[in-house]
Amino acid sequence: LWRWADNQQDLGRFLKIYDGPTCLRPSGNFSSVYWHPGPMVINDVYLQTNDSDFSWLIYFDCVKNFVRKAKAANQKFLIWFADDLCHADINPQNNCNFDVYPPLPILDKAGKMIGKRNGSVQNCVEFVDTGLGLLKDFIKAEGLWNDTVLMFSTDNPVSGNGKKQVNGQVGTIVPFFAYGGPIKKRSKSINYAPFGFSDFYATVLEFIGSPPDPSRPDSASFKKLLTGESNKAPRQWILSYYDVSRMIRTPQWILDGFKVLFDCRSCRDHNNCCKLVSNTSLVPGSQLVLNRFNNLLSKLERDGHANYSTF
């Protein structure tokens, strides 16, 4: 909805507006995702925008309206909020290279735009952080915080620290945190648990009181761990993909996409502090771990899933 229109005439009009003659490309400029977004359809109604509209603020208004309607109807609600981090845009003055970040709104405590600031990676991250704070404050103001769970993650790591990286111990690991009234703060030893994107599904189902979905055996519910009902992490290992490479890790061990083993038993954050195992005969227990990793990968390739609760 951000970049394309069903009507070819509209599509051509939007491409002309956002790209200009020197940097025309099929997907449109990134700026059309942020400032003067379009075409946008909200509740089946086409929304006219202008160059003073910032897409995130429109989405945030939609979220607030949705929450208020659910509250008035006494209904549970689920919101998937794709909080888009501003990326670099094309620069017609520099051979259409991606080297210009769009400006960002300056928001007051109510989320109203009161100005603009220059775009940069740091400012983009700060804007996302501000947005999460506004979302939390809004839910609290509506009196729903004690019954609401906010879960946050990202689609990929940053460049140079795991993004598209299959070799080494960092890999494609991304942050995840859960916050809200039902969430109980835990010790670091309990918090350190592998969590995959597939686990959002089972976790949400259990929070709303629905039974597990037997068609998704790869999804583990973290509800009891998050609320303090259990001290045991439901998942003991996690698999990640990039292209044709598969990486698998536990809190203590990592097998990277090149099938290199890392020992992380004395390292908690997996940030280049694990030890590369070049010879399993010199590291007690490493050959057994390597065999288990390979058996898991073989089972996943054969069956499509494997028991995530044991290793």
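So, here's what we can say about the structure.

1. Comments concerning the overall build of the protein
A tally of helices and strands in the protein yields eight helices and 13 strands. Total accessible area on the protein stands at roughly 18500 Å², and carbon and sulfur atoms take up 53% of it.

2. Side note on the pairing of strand β5 (residues 104–107)
Where β5 and strand β6 (residues 113–117) come together, four bridges link them in antiparallel fashion. Across the sheet, residue P105 finds its bridge partner in β6, namely K116. Count of turn residues in the β5/β6 antiparallel hairpin: five residues, of which G111 carries a positive phi of about 85°.

3. Topic: the nonpolar core
By size, the foremost hydrophobic cluster in this structure holds 24 residues, and its most contacted members are F222, W237, I248, W253, L255, L261 and F293. For this core, the elements supplying multiple residues, two or more each, are α7 (223–227), β11 (253–255) and α8 (286–303). At six residues, the largest contribution of residues to this core is made by α8. The residues touching F293, leaving out its near neighbours within four places in the chain, are I248, R249, T250, W253, I254, L255, L261 and F311. Counting 21 residues, the second largest nonpolar core, distinct from the first, contains V33, Y34, L107 and F127.

4. Regarding the pattern of salt bridges
Under the defined criterion, the tally for this structure stands at 12 salt bridges. Put simply, R68 and E142 hold a salt bridge, and the shortest N to O gap is 3.3 Å. Highlighted residues: R68 in helix α3 (residues 55–72) and E142 in the loop between α4 (121–141) and β7 (149–153), separated in sequence by 74 residues. For E142, a relative accessible area of 15% translates into the label buried. The salt bridge involving R235 is made with D199; its shortest N-O contact spans 2.8 Å. With R235 in the loop between α7 and β9 (238–242) and D199 in helix α6 (residues 199–207), this pair connects stretches of sequence that are 36 residues apart. Each member of the pair, R235 together with D199, is buried. Each of R68, K71 and E142 takes part in salt bridges that share partners, so that together they form one network.

Rules used in this analysis
- Residues numbered from 1 in each chain as written.
- Predicted model: local features only at pLDDT ≥ 70, side-chain atom pairs only at ≥ 80, totals over all residues.
- Heavy atoms only, no water.
- Helix = DSSP H or I, 4+ residues; strand = E, 2+ residues; numbered from the N terminus.
- Areas by Shrake-Rupley, 256 points an atom, 1.4 Å probe, with all protein chains shown as cover.
- Pairing = 2+ DSSP bridges.
- Core = buried A, V, L, I, M, F, W, Y, C linked by side-chain atoms within 4.5 Å.
- Buried < 20%, exposed > 50% of the residue type's maximum accessible area, 1.4 Å probe, protein only.
- Contact = heavy atoms within 4.5 Å.
- Salt bridge = Lys/Arg side-chain N within 4 Å of Asp/Glu carboxyl O.

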